[in-house]
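Analysis of the macromolecular model
Letter by letter, the chains look like this.
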Amino acid sequence: MTVKVGIVMDPIEAISFKKDSSLAMLWAAQRKGWELWYMEQKDIYLLDGKVLAKMAPLSVAMNPSKWFERGDYQTQELTSLDVVLMRKDPPFDNEFIYTTHLLELAAAEGSTLVVNRPQALRDYNEKIFATHFPQCCPPVLVTRRNDLLRDFHAEYKDVIFKPLDGMGGTSIFRIQEQGVNLGVIIETLTNFGSQTIMAQKYLPEIVDGDKRILLVDGEPVPYGLSRIPTNGETRGNLAAGGRGEGRPLTEREQWIAAQVGPTLKAQGILFAGLDVIGDYLTEINVTSPTCIRELDNQFGLDIGMQLMDVIEAKLHAAPAPC
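Quick look at the structure, then. (Residues numbered from 1 in each chain as written. Predicted model: local features only at pLDDT ≥ 70, side-chain atom pairs only at ≥ 80, totals over all residues. Heavy atoms only, no water.)

Positionally, L52 belongs in strand β4 (residues 50–60). Look at L52 and you get buried, because its relative accessible area is 13%. In this structure, the C-alpha to C-alpha distance between L52 and E253, residues 201 residues apart in sequence, is 42 Å. Not counting residues within four places of it along the chain, the set of residues in contact with L52 comprises D43, I44, Y45, L47, T75, Q76, E77 and L78. (Helix = DSSP H or I, 4+ residues; strand = E, 2+ residues; numbered from the N terminus. Buried < 20%, exposed > 50% of the residue type's maximum accessible area, 1.4 Å probe, protein only. Contact = heavy atoms within 4.5 Å.)

Quick look at the packing of aromatic side chains now. Across all of its chains, the model carries 8 aromatic pairs by this definition. For the pair F17 and W67, a centre-to-centre distance of 5.9 Å together with 40° between the ring planes defines the contact as tilted. In this pair, F17 is assigned in the loop between β1 (4–8) and α1 (21–31) and W67 in the loop between β4 and β5 (68–70), connecting sequence segments 50 residues apart. The exposure class assigned to W67 is buried, which follows from its relative accessible area of 13%. (Phe/Tyr/Trp six-rings, centres within 6.5 Å; stacked < 30°, edge-to-face > 60°.)

Tallying each qualifying case throughout the model produces 20 salt bridges. Across the pair D10 and K88 runs a salt bridge, and its minimum N-O distance is 3.2 Å. Remark: K88 occurs in the loop between β7 (83–86) and α2 (94–109) and D10 occurs in the loop between β1 and α1; sequence separation between them is 78 residues. D10 sits in the partly exposed class, given a relative accessible area of 22%. When its relative accessible area of 15% is taken as the criterion, K88 is described as buried. A salt bridge links K32 to D309, with the shortest nitrogen-to-oxygen separation between them at 2.8 Å. Placement of the pair is K32 in the loop between α1 and β2 (35–39) and D309 in helix α8 (residues 303–317), with a sequence separation of 277 residues. Each of the salt bridges in this network shares a partner with another, and the network as a whole consists of D210, R212, R227 and D275. (Salt bridge = Lys/Arg side-chain N within 4 Å of Asp/Glu carboxyl O.)

In spatial order, the strands read β9-β12-β10-β11; together these 4 strands make up an open sheet with antiparallel pairing. Either end of the sheet is taken by a strand with one partner, and the two such strands are β9 (140–143) and β11 (173–175). With direction set aside, neighbouring strand axes in the sheet form an average angle of 20°. By the bridge criterion, 3 bridges tie strand β10 (residues 159–163) to β11 in an arrangement that is antiparallel. Considered in β11, the bridge of V159 is made with I175. Along the sheet, helix α5 (residues 182–190) contacts β10, β11 and β12 (197–201); its crossing angle with β10, the most-contacted strand, is approximately 25°. (Pairing = 2+ DSSP bridges. Axes fitted to C-alpha atoms, helices over the stretch in contact; angles between N-to-C directions.)

Interpretation note: all reported values are geometric properties and have no functional meaning in isolation.
What follows is the structure, given as structure tokens:
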């Protein structure tokens with residue numbers, strides 16, 4: 001029986017052909033002979049207790065000028081799909097949360113496997129999740145209190161302040177010992193004390209890169225992508241102009257992955273990205289981690305197929321419906 005795979009993503013016509021990890025997953029699923037179905041977040045809805053979607057058949061190609069063909073949209077129950085890949089990029093807003101609720105209903109109603117598990121997407125903020133493993137993290141504070149943020153800066157002298165819902169390095173500030181603009185940065189990020197943010201001790205090892213380590217069903221890919229900041233930047237994010245350089249995992253990075261991996265596996269997070277600076281874990285990305293394409297190209301890997309193999313094994317292991 002053909003496996004039907006749906007994907008929830010941002011508009012496919014607007015993705016970056018060279019870098020998009022969702023495209024790598026779709027290529028892998030198609031090479032397995034699986035059916036592909038495309039939808040965006042807006043296309044999923046609930047009617048009379050059934051989760052439905054306007055979805056379109058999809059085919060993909062390794063062609064930078066025409067990487068997909070999409071057929072006519074049709075209405076189907078989400079339970080008609082064997083797998084749904086939830087690959088919508090942040091922002092992690094209420095609409096994202098509502099979508100996870102609908103995906104969770106569909107998964108509970110039938111035998112549809114949602115990757116990653118919807119409840120895990122809701123439960124694990126990508127910045128706070130890292131703090132579940134304090135043995136791996138640098139000094140960190142999560143608060144919206146002005147006084148606590150000022151005390152943290154006074155103690156560590158050189159710190160990073162960042163929002164909890166940012167992506168791609170947006171709105172990340174470094175405040176050095178002189179504390180230039182400390183007050184206005186706190187006011188801006190916390191919206192005058194109404195929004196919680198994260199403070200983190202600045203890690204000078206960022207000059208050597210913010211390393212993305214991908215884990216598939218809790219097991220790390222043996223190479224990570226060090227995202228190296230441009231001159232004058234403190235952010236290594238590729239979206240902020242960083243340069244990606246693949247490197248083997250160090251012994252410390254393997255240890256960090258071993259600390260986090262079992263929890264990811266237990267929570268149904270089949271695909272995740274750890275961000276590591278120097279010896280420290282800074283984030284755990286679970287919504288739509290990237291860097292598949294860069295690592296595949298540099299090391300001859302096929303991470304998308306590795307993920308599809310795991311998904312296939314889980315489908316075969318699932319009990320047959322009554």
